[in-house]
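# Per-entry structural report
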Amino acid sequence: MKQIKYLLLAFAPLALGFIMLQIPLAPNFFSLLFYFAWYFVGYSSGKDFDTPAASFLFGNFLSVLLFFLGSTQLLRHGTYASNLFGLLPQLFFAPANPISAKVMLSIIQTSPAFACLCLSFLLTSMVYILGYYRKRSEK
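These remarks concern the structure in this document.

So, how was this worked out
- Residues numbered from 1 in each chain as written.
- Predicted model: local features only at pLDDT ≥ 70, side-chain atom pairs only at ≥ 80, totals over all residues.
- Heavy atoms only, no water.
- Salt bridge = Lys/Arg side-chain N within 4 Å of Asp/Glu carboxyl O.
- Helix = DSSP H or I, 4+ residues; strand = E, 2+ residues; numbered from the N terminus.
- Buried < 20%, exposed > 50% of the residue type's maximum accessible area, 1.4 Å probe, protein only.
- Axes fitted to C-alpha atoms, helices over the stretch in contact; angles between N-to-C directions.
- Parallel < 35°, antiparallel > 145°, perpendicular 65-115°, else oblique.
- Left-handed = near helix turned anticlockwise from the far one by under 90°.
- Contact = heavy atoms within 4.5 Å.
- Nonpolar A, V, L, I, M, F, W, Y, C, P; charged D, E, K, R; others polar.
- Polar contact = N/O pair within 3.5 Å; in protein donor to acceptor, adjacent residues only side chain to side chain.
- Patch = residues over 30% accessible without salt bridge, like charges linked within 9 Å, V, L, I, M, F, W, Y side chains within 5 Å.
- Areas by Shrake-Rupley, 256 points an atom, 1.4 Å probe, with all protein chains shown as cover.

This part covers the pattern of salt bridges. As a working rule, side chains carrying opposite charge can pair if their charged atoms are close by. The final tally for this structure, using the stated rule, is three salt bridges. Between Arg-134 and Glu-138 there is a salt bridge, with its nearest N and O atoms 3.8 Å apart. Placement of the pair is Arg-134 and Glu-138 together in helix H7 (residues 113–138), with a separation of four residues, close to one helical turn. Of the charged contacts in the structure, one is a salt bridge between Lys-135 and Glu-138, with a shortest N-O distance of 4.0 Å. In this pair, Lys-135 and Glu-138 are both assigned in helix H7, three residues apart and thus about one turn of the helix distant. Lys-135 sits in the buried class, given a relative accessible area of 19%. Where salt bridges share partners, they join Arg-134, Lys-135 and Glu-138 into one cluster.

Below, the structure is given as structure tokens:
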């Protein structure tokens, strides 16, 4: 049962990305909301999973899959495909992109799509794992 809960929660960033497309007024708000929520998903997984690997795989399987799908498209073609396979990685990482783009702009004064995708994936994963370890340290 706990695995199903985290498999379903793995789809939450897609829903938030879709909402961001509908309400484009506050991307920073949605980004902070996403990171806050993703931290607590990782936090709650700390009581349900014994190992960080199992927690990460159940909570982030879609993130890993869409990261590889998006990076393959960007590295091979220089852009996302103009179909569902190109849209899904963009929707999934849309909540993480405003902060990733700000970090990229502060470092290299540009924000190439592949670098933003990588940074979004890393930040998303890091926030989740930090939540997991925070819960595990309380036991």
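Having seen it, we continue.
This part is about the packing of helix H1 (residues 2–9) against helix H4 (residues 52–77). Close contact between H1 and H4 brings their axes to 8 Å; oriented N to C, the two are set at 25°. Put simply, H1 runs roughly parallel to H4. Relative to H4, H1 is oriented so that their crossing is right-handed. Residues Gln-3, Tyr-6 and Leu-7 of H1 touch H4, and the partners they reach there are Phe-58, Gly-59 and Phe-61. Of the residues belonging to the contact of H1 with H4, the class tally is four nonpolar, two polar and no charged.

Because each turn of an α-helix spans 3.6 residues, side chains separated by three or four positions end up pointing in the same direction. Within helix H5 (residues 84–93) the residues assigned to the buried category are Gly-86, Pro-89, Leu-91, Phe-92 and Phe-93. In this fold, the buried residues of H5 make contact with helix H2 (12–22), H4, helix H6 (97–108) and H7. Among the residues of H5, the N-terminal cap falls to Asn-83, whose side-chain oxygen and the backbone nitrogen of Phe-85 are separated by 3.0 Å.

With that settled, the discussion passes to a nonpolar patch on the surface. On the surface, a nonpolar cluster with roughly 520 Å² of combined accessible area is contributed by Phe-18, Ile-19, Leu-21, Ile-23 and Leu-25. Secondary-structure assignment places Leu-21 in helix H2. With a relative accessible area of 55%, Leu-21 lands in the exposed category.

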